[in-house]
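Listed below, chain by chain, are the residues.
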Amino acid sequence: MHKLYSLIILFVYFGLAFNGVQGGTMVTGTVFCDQCKDGQVSMFDYPISGMKVTMVCPGEDGQMIMVDEGTTNMFGSYGMSFQGTPDLTNCFIGISNNNNGPGSSNTACGSSSGPPKSVRQMFSMFGMAMYNVDPLISQPAQPMSYCSTSSPPSTPIVTQPPPVSSGTPVSPSTPPNPPAPVFKLPPIPRLPPLPPMPPTPFLQEMACPYEYWMMPEYKCYWRAVNPDMTVALAFGPLAAEKYGRDMTLLEGLQGKGDPYRTLLREGVTSLLNSYNSINFSYNALEVVEHFNEALVGSKLSVLLTALRFKRANSGHGQIPCKLTSCH
């Protein structure tokens, strides 16, 4: 978490130092499976991966139009990014209607969905903005058996007073208290199985060249970032100005020939290595710092930084790559 805040401060610093750089807007949220169909997120619910969500905003004529669509990751989270800082406070995000089509993996919890939720602004400064959406819910056809409520209380039984004999009057006896209702707790549900995790070399010395990170059999080692994440989001406003807002990290790994593309290729590789080995030559924050320092320096600085990254990614000829196939 400390590294995340440091990265934000770094990006803000460069944004202030170079007024020509434009910021961006990010919208995030999560989708849960409402197993009890009670319309809220509870201890029995879990996040859903692969769920499509749609953002709609009012157009010039007041009609709601779709502006973007996203898909949840393995943790049930999704993100949408926009250029500039548009006002999204009147927009809504809901679960798409095409989550139950052929080939969908959400049929077990995709019978119906909850209402769309409004987009709430978290902050907006220095040309950057962050919005958040309350959890969306998707529901199965029937609630799970362990979601049943407690049994109804028994009907209280009142004892009638004994008959009064002729002679001395007898006061009726006080009726006993009704028995307390019996509550039946639901059984503890079995948590959904976690996806298989690859063997981690995190505590070992490891460094892998860029060719390894382009191979599909090592895709499960992309930690904290993913191949479709933009270079602008990973490295900040200076990278957005130099490489554009649409270039992905996977596309950045394919650069060669040009010094700036070489810097990007080796910088992305170093970022991936830093997330997979605590003993890598640079941590993630240092990779971003050196990368941005090179962008504001001379072409010689770009070449030297790319060379340092390349040496670290090759393990300086002594540290091997310890990735194993994810399959």
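Residues numbered from 1 in each chain as written. Predicted model: local features only at pLDDT ≥ 70, side-chain atom pairs only at ≥ 80, totals over all residues. Heavy atoms only, no water.

Draft legend 1. Quick look at the packing of helix H6 (residues 259-276) against helix H7 (residues 284-295). Across the interface, H6 lies against H7 with an axial gap of 9 Å and an inter-helix angle of 170°. What the angle tells us is that H6 and H7 run roughly antiparallel. Packed against H6, whose contacting residues are Tyr260, Leu263, Leu264, Gly267, Ser270, Leu271, Ser274 and Tyr275, the element H7 presents Ala284, Val287, Val288, Phe291, Ala294 and Leu295 at the interface. Classifying every residue of the contact of H6 with H7 by side-chain character gives 11 nonpolar, 3 polar and no charged. (Axes fitted to C-alpha atoms, helices over the stretch in contact; angles between N-to-C directions. Helix = DSSP H or I, 4+ residues; strand = E, 2+ residues; numbered from the N terminus. Parallel < 35°, antiparallel > 145°, perpendicular 65-115°, else oblique. Contact = heavy atoms within 4.5 Å. Nonpolar A, V, L, I, M, F, W, Y, C, P; charged D, E, K, R; others polar.)

Draft legend 2. Just the nonpolar core, in detail. Formed by 38 residues in total, the largest nonpolar core has its most connected members in Phe235, Tyr243, Leu249 and Leu263. Where this core is concerned, the elements lending two or more residues are helix H2 (210-213), helix H3 (231-235), helix H4 (237-243), H6, H7 and helix H8 (299-313). Residues contacting Leu263, with those up to four places away along its chain left out, are Tyr243, Phe291, Ala294, Leu295, Val302, Thr305, Ala306 and Phe309. Formed by 21 residues, the second largest nonpolar core is a distinct cluster that contains Val53, Cys57, Tyr78 and Met80. (Core = buried A, V, L, I, M, F, W, Y, C linked by side-chain atoms within 4.5 Å. Buried < 20%, exposed > 50% of the residue type's maximum accessible area, 1.4 Å probe, protein only.)

Draft legend 3. Spatial organisation of the pairing of strand E4 (residues 64-71). One ladder, built from 7 bridges, connects strand E3 (residues 52-58) with E4; its direction is antiparallel. Counted as the bridge partner of Val56 is Met66 from E4. Between E3 and E4, which pair antiparallel in sequence order, lie 5 residues; one of them, Gly62, sits at a positive phi of approximately 90°. (Pairing = 2+ DSSP bridges.)

Draft legend 4. A look at H7. The first and last C-alpha atoms of H7 sit 17 Å apart over 12 residues, in line with the 16 Å expected at 1.5 Å per residue. Of the residues making up H7, those classed as buried are Ala284, Leu285, Val287, Val288, Phe291, Asn292, Ala294 and Leu295. (Expected span 1.5 Å × (residues − 1).)

Draft legend 5. How the structure looks around a nonpolar patch on the surface. A contiguous nonpolar patch, built from Met122, Phe123, Met125 and Phe126 and spanning about 390 Å² of accessible area, is present on the exposed surface. With respect to the secondary-structure elements, Met122 resides in strand E8 (residues 117-125). (Patch = residues over 30% accessible without salt bridge, like charges linked within 9 Å, V, L, I, M, F, W, Y side chains within 5 Å. Areas by Shrake-Rupley, 256 points an atom, 1.4 Å probe, with all protein chains shown as cover. Salt bridge = Lys/Arg side-chain N within 4 Å of Asp/Glu carboxyl O.)

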